[in-house]
Amino acid sequence: MALVISVVTQKGGVGKTTAANALSSVIRASGKKILAVDFDPQANLSYSFGADTTDSLTIYNVLRGDAPAGECIISTAVGDIIACDILLNSAELEFVSDSREYLLKNALKSIMKNYDYIIIDCPPGLGILTACALCTSDYVIVPMLPDSFSLQGIVLINDTINRVRKSCNPNVQIAGVLINRFSPFSRHHREARKTADMIAGKCGIRVFDTIIRSCPALSEAHTLQTDITEYRRCRRAMNDYMRLFHEMQQKQII
């Protein structure tokens, strides 16, 4: 049965999709069976995987009941993915039933046994799509930049997850806060990391020991729709994400 991990952030531009893509790549490189689910209407994860959604069924079709999840999986050079497109933006208005938070969980049940891990890339913000993902998840990774705006989001996400625990998924846990685009030579970044430790600690949340250093080659790999484990310029980032994977294993998160 697959372990479901959502990558969730309150604001955009913090490396959320990059984290989902990179973590999927290093887990797949370890020999595990992994499925990525693009749950962000911007569809950046779908693009980075090289998934052509022009004539393909997407996660929107799965939620609508047009087709089972298994028929919507696209196999690419980067890995298996259920892609997304702009139509998912209508979810807030289209899916209005009292049980809509369970839509994604119910939709993925039929394929859970086929994978070791499912990584969900959530939209920025804490609306109904994110609530659906949290209702489905075992763990949540919260990416952030080492800046004051991202620090404010830790408390908001923690509050949201506490509400989800009470309403639809009492077992969801925050795996940790992941600091992205970190420069060890920046005093501001080092101070932001200490502040993140303090804020997260007050919320009872872990900040990962692993820090993802700045690596422009990651964006290059995604633009080229290339697996980061096979893109030599991404060696530093790949090593960071491999350390994250090992840290999650050592702390029995996965």
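Our subject is the structure that appears above.
Per chain, the residues get numbers from 1 upward, laid out in the order the sequence is written. The predicted nature of this model means local features are confined to residues of pLDDT at least 70 and side-chain atom pairs, given and counted, to a pLDDT of 80 or more, with totals for whole chains, interfaces and linings taken over all residues. Hydrogens are left out, water is left out, and the side-chain values use all remaining heavy atoms of the structure.

## Quick notes on the packing of helix α1 (residues 16-29) against helix α10 (residues 235-250)
The geometry of α1 relative to α10 is characterised by a closest axis approach of 9 Å and an angle of 75° between their N-to-C directions. It follows that α1 is roughly perpendicular to α10 by the angle criterion. Here α1 contributes Thr18, Ala19, Ala22, Leu23, Val26 and Ile27 to the contact with α10, which in turn contributes Met238, Tyr241, Met242, Leu244 and Phe245. Considered class by class, the residues forming the contact of α1 with α10 number ten nonpolar, one polar and no charged. Only the stretch in contact is used when fitting a helix axis, every axis being a line fitted to C-alpha atoms; angles between N-to-C directions are given from 0 to 180 degrees. For the purposes of this entry, the term helix denotes a DSSP run of H or I that reaches at least four residues, the term strand denotes a run of E that reaches at least two, and both are numbered from the N terminus. Here the angle decides the label: under 35 degrees means roughly parallel, over 145 means roughly antiparallel, 65 to 115 means roughly perpendicular, and every other value means oblique. Whether two residues are in contact is decided by their heavy atoms: any pair within 4.5 Å suffices. Basically, the charged four are Asp, Glu, Lys and Arg, the nonpolar ten are Ala, Val, Leu, Ile, Met, Phe, Trp, Tyr, Cys and Pro, and anything else, Gly included, counts as polar.

## Side note on the sheet that holds strand β6 (residues 139-144)
Pairs of strands are assigned from DSSP output, requiring at least two bridges between the strands. The strand order across the open sheet formed by seven strands is β3-β4-β2-β5-β1-β6-β7, and the pairing between neighbours is mixed. Strands at the two margins of the open sheet, each flanked by one partner only, are β3 (73-75) and β7 (173-179). Across the sheet, the axes of successive neighbouring strands diverge by a mean angle of 25°, strand direction being ignored. Taken together, the five bridges between strand β2 (residues 34-38) and strand β5 (residues 117-121) define a ladder with parallel strand orientation. Looking at the pairing, Leu35 lines up with Ile118 of β5.

## As for the nonpolar core
Counting 54 residues, the largest nonpolar core has Phe39, Ile59, Leu88, Leu104 and Ile120 as the members making the most contacts within it. Nonpolar core, defined: a set of buried Ala, Val, Leu, Ile, Met, Phe, Trp, Tyr and Cys residues in which side-chain atoms within 4.5 Å join the residues together. Working definition: with a 1.4 Å probe on protein chains only, accessible area under 20% of the residue-type maximum means buried, over 50% means exposed, and in between means partly exposed. Membership of the second largest hydrophobic core comes to 40 residues, among which are Ile5, Leu23, Phe49 and Ile212.

## A look at the environment of Ser30
When you line up the elements, Ser30 lands in the loop between α1 and β2. Residue classification places Ser30 among the partly exposed positions, given a relative accessible area of 36%. N or O atoms within 3.5 Å of each other form a polar contact, as long as, within protein, one can give a hydrogen and the other can take it, and as long as residues adjacent in sequence are counted only when both atoms are side-chain atoms. Among the polar contacts made by the side chain of Ser30, one reaches the main-chain carbonyl oxygen of Ile27 at a distance of 2.5 Å.

## Details of the side chain of Asn61
Position of Asn61 among the secondary structure elements: in helix α3 (residues 59-64). Here Thr58 takes part through its backbone nitrogen, which lies 2.9 Å from a polar atom of the side chain of Asn61. Ignoring sequence-local partners within four residues, the contact set of Asn61 consists of Ser56, Asp66 and Ala67.

## Thoughts on unusual backbone geometry
At Ala43, a residue that is not glycine, the phi angle is positive and equals roughly 60°. Turning to its location among the elements, Ala43 is positioned in the loop between β2 and α2 (44-48). We classify Ala43 as buried; its relative accessible area is 15%. At Gln252, a position not held by glycine, the phi torsion is positive, near 55°. When you line up the elements, Gln252 lands in the segment after α10.

## Quick word on helix α6 (residues 128-136)
A large share of α6 lies buried, amounting to nine of its nine residues. By the burial criterion, the buried members of α6 are Ile128, Leu129, Thr130, Ala131, Cys132, Ala133, Leu134, Cys135 and Thr136. Structurally, α6 contributes buried residues whose contacts are with β1 (3-7), α4 (91-94), α5 (103-108), β5, β6 and α7 (148-167).

## Considerations on the pattern of salt bridges
Think of it this way: side chains of opposite charge can pair up when their charged atoms draw near. In what follows, salt bridge is the name for a side-chain nitrogen of Lys or Arg lying within 4 Å of a carboxyl oxygen of Asp or Glu. Overall, the coordinates contain ten salt bridges when judged by the stated rule. Taking the shortest distance from any N to any O, the salt bridge between Lys16 and Asp40 comes out at 3.2 Å. Here Asp40 lies in the loop between β2 and α2 and Lys16 lies in helix α1, a separation of 24 residues in the sequence. When its relative accessible area of 6% is taken as the criterion, Lys16 is described as buried. By relative accessible area, which is 3% here, Asp40 ends up buried. Between Arg28 and Asp227 there is a salt bridge, with its nearest N and O atoms 2.7 Å apart. One end of the pair, Arg28, is in helix α1; the other, Asp227, is in the loop between α9 (217-223) and α10, with 199 residues separating them in the sequence. For Arg28, a relative accessible area of 30% gives the class partly exposed.

## Re the packing of α7 against helix α8 (residues 187-203)
The N-to-C vectors of α7 and α8 enclose an angle of 15°; their axes lie 9 Å apart at closest approach. By the angle between their directions, the pair α7 and α8 is classed as roughly parallel. Considering how the two elements wind past one another, α7 and α8 form a crossing that is right-handed. Each of Leu151, Ile154, Val155 and Asn158 in α7 lies in contact with α8, whose residues at this interface are Ala192, Thr195, Ala196, Ile199, Ala200 and Cys203. Of the residues contributing to the contact of α7 with α8, the split by class is eight nonpolar, two polar and no charged. By convention the crossing between two helices is left-handed if the near helix lies anticlockwise of the far one by an angle smaller than a right angle, and right-handed if it lies clockwise.

Nothing here speaks to function; it is all geometry.
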